[in-house]
Amino acid sequence: MDTGDISVAPEVLSPDWADHAHPEVNGPADVQRAVTQTHATRPGLRFYIHTILGNDDLLSVVGGVGHESRPDAIDSRLIWLIRLLDGQMVEMWTYRLSTP
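A brief structural summary. (Residues numbered from 1 in each chain as written. Predicted model: local features only at pLDDT ≥ 70, side-chain atom pairs only at ≥ 80, totals over all residues. Heavy atoms only, no water.)

### Quick word on unusual backbone geometry
1) Next: Residue Asp 86 is not a glycine yet carries a positive backbone phi of 55°.
2) Next: When you line up the elements, Asp 86 lands in the loop between β4 (74–85) and β5 (88–97). (Helix = DSSP H or I, 4+ residues; strand = E, 2+ residues; numbered from the N terminus.)

What follows is the structure in structure tokens.
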């Protein structure tokens, strides 16, 4: 997402990909379009990953979203829950963490 390289989407995302935070984005081709649009409108947007926990088919990713001009500042702290199937990401849920 950060680099804008969308070529890997069909490899890592299932054809049945569903992003529950963005139900209009289904499948690798929609993700590729969304990433291209995001880079065009918000070129400095950066995703940060702090921790990945999981087992065979479920991951919990803790991180956040910020801007490259402020690498030490995270605008939104997030948790992504990701379901995997046959080595590909199938579903994702995004939750915003409240700031203390």
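### Some words on the environment of Leu 81
1) Next: By secondary structure assignment, the location of Leu 81 is in strand β4.
2) Next: Exposure remark for Leu 81: the relative accessible area of 32% places this residue in the partly exposed category.
3) Next: Sequence separation between Leu 81 and Thr 94 is 13 residues, and the spatial gap between their C-alpha atoms is 6.5 Å.
4) Next: Discounting chain neighbours no more than four positions away, the residues touching Leu 81 are Leu 59, Ser 60, Glu 91, Met 92, Trp 93 and Tyr 95. (Buried < 20%, exposed > 50% of the residue type's maximum accessible area, 1.4 Å probe, protein only. Contact = heavy atoms within 4.5 Å.)

### A short note on the layout of surface pockets
1) Next: Considering only enclosed or pocket space, the largest pocket measures out at about 1200 Å³ in volume.
2) Next: Taken together, 37 residues form the lining of the largest pocket, with Met 1, Asp 19, Phe 47, Trp 80 and Met 92 sitting closest to its centre. (1 Å grid on protein atoms, 1.4 Å probe; cavity = no way out; pocket = protein on both sides within 12 Å on 5 of 7 lines; lining within 4 Å. Points joined across faces, edges and corners; volume = space filled by probe spheres on them.)

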